[in-house]
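Close look at the chain arrangement
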Amino acid sequence: MAAGAGLLVIFLAWFAGPGLFGISNETKGTTVRAEVVQPAPCTGGGATEKVKFEFGGKPMEGSLNGCGHGKGERLEVVVPDGASGDAVPVHAADATAGASDARRPLGLALLVFSCFAGGMYVFLVVRGPRVPVTA
């Protein structure tokens, strides 16, 4: 019974999809082509580069959380929905924050292990204490 319940939980988790473990690959914004105006060296943490791009039919500038690009280099960035102002924070389109394809298999492996451990606990409780046989 416990093994069946564990298999049912694993089966439902597998078909629930990536959203079960908090994995979301959807981009929240618009992908546009940008040009690096002011590059930043990769010597310290928190480097930001200035990029210019066209969004909504007008030229805009943004701050890209990254480093190592050359001046005039073109790259695709994601502009957040409803962006306006002078320095819009953008991120590279190919680097989605918080996405990791390794999380789903790891989450499923941990779920399988927890189902196995729960099943073993139920087995030990139902079996009861062992009485040593004296000869």
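Note that the structure is a prediction, hence the values are computed from the model and not measured.

1. Focus on the overall build of the protein
What the protein contains, in helices and strands, is two helices and five strands. In the protein, which comprises 135 residues, the share counted as buried stands at 24%. Pairs at least 24 residues apart make up 58% of the contacts formed inside the protein by residues separated by at least 6 positions. Of the roughly 9,400 Å² of accessible surface on the protein, a fraction of 62% belongs to carbon and sulfur atoms.

2. Points about the state of the cysteines
Applying the stated criterion across every chain, the model contains one disulfide. In this model Cys42 forms its disulfide with Cys67; the gap between the sulfur atoms is 2.1 Å. As the torsion about the S-S bond is roughly 110°, the Cys42-Cys67 disulfide counts as right-handed. In this pair, Cys42 sits in the loop between strand 1 (30–38) and strand 2 (48–55) while Cys67 sits in the loop between strand 3 (58–65) and strand 4 (74–79), placing the two residues 25 residues apart along the sequence.

3. Structural notes on the sheet that holds strand 3
Taken in spatial order, the five strands of this closed barrel run 1-2-3-5-4, and their pairing is mixed. Neighbouring strand axes in the sheet, compared pairwise and without regard to direction, differ in orientation by 50° on average. Judged from the two bridges that link them, strand 4 and strand 5 (residues 87–92) form a sheet pairing that is antiparallel. When the bridges of strand 5 are listed, Val77 appears paired with Ala92.

4. Things to note about the nonpolar core
Where a protein is soluble and globular, its nonpolar side chains tend to be buried together. Within the largest apolar cluster, 14 residues are counted, with the highest numbers of intra-cluster contacts made by Val51, Phe53, Phe55, Val77, Val79 and Val90. Not counting the four nearest positions on each side in its chain, Val51 is found in contact with Ala34, Glu35, Val36, Val37, Met60, Glu61, Gly62, Leu64 and Val90.

5. Observations concerning the pattern of salt bridges
Taken as a whole and assessed by the stated rule, the structure comprises one salt bridge. Residues Arg74 and Glu35 are paired through a salt bridge, measuring 3.4 Å at the closest nitrogen-oxygen approach. Of the two residues, Arg74 is situated in strand 4 and Glu35 in strand 1; the sequence distance between them amounts to 39 residues.

6. Points about the environment of Leu8
Inspection of the secondary structure puts Leu8 in helix 1 (residues 2–16). In this structure, the C-alpha to C-alpha distance between Leu8 and Cys115, residues 107 residues apart in sequence, is 9.9 Å.

7. Regarding the confidence of the model for the protein
Looking at the protein, the pLDDT average stands at 80 and 83% of residues meet or exceed 70. Mean pLDDT in the protein bottoms out at helix 1, which sits at 76, and peaks at strand 1, which reaches 91.

8. Concerning the pairing of strand 1
Note: strand 1 against strand 4, six bridges, orientation antiparallel. Across the sheet, the residue bridging to Glu35 is Arg74, located in strand 4. Summarising the sheet, strand 1 and strand 2 pair through four bridges and their orientation is antiparallel. Its bridge partner being in strand 2, Val36 is matched across the sheet by Val51.

Reading the values: the criteria
- Residues numbered from 1 in each chain as written.
- Predicted model: local features only at pLDDT ≥ 70, side-chain atom pairs only at ≥ 80, totals over all residues.
- Heavy atoms only, no water.
- Helix = DSSP H or I, 4+ residues; strand = E, 2+ residues; numbered from the N terminus.
- Buried < 20%, exposed > 50% of the residue type's maximum accessible area, 1.4 Å probe, protein only.
- Contact = heavy atoms within 4.5 Å.
- Areas by Shrake-Rupley, 256 points an atom, 1.4 Å probe, with all protein chains shown as cover.
- Disulfide = S-S within 2.5 Å.
- Pairing = 2+ DSSP bridges.
- Axes fitted to C-alpha atoms, helices over the stretch in contact; angles between N-to-C directions.
- Core = buried A, V, L, I, M, F, W, Y, C linked by side-chain atoms within 4.5 Å.
- Salt bridge = Lys/Arg side-chain N within 4 Å of Asp/Glu carboxyl O.
- pLDDT = per-residue confidence, 0-100.

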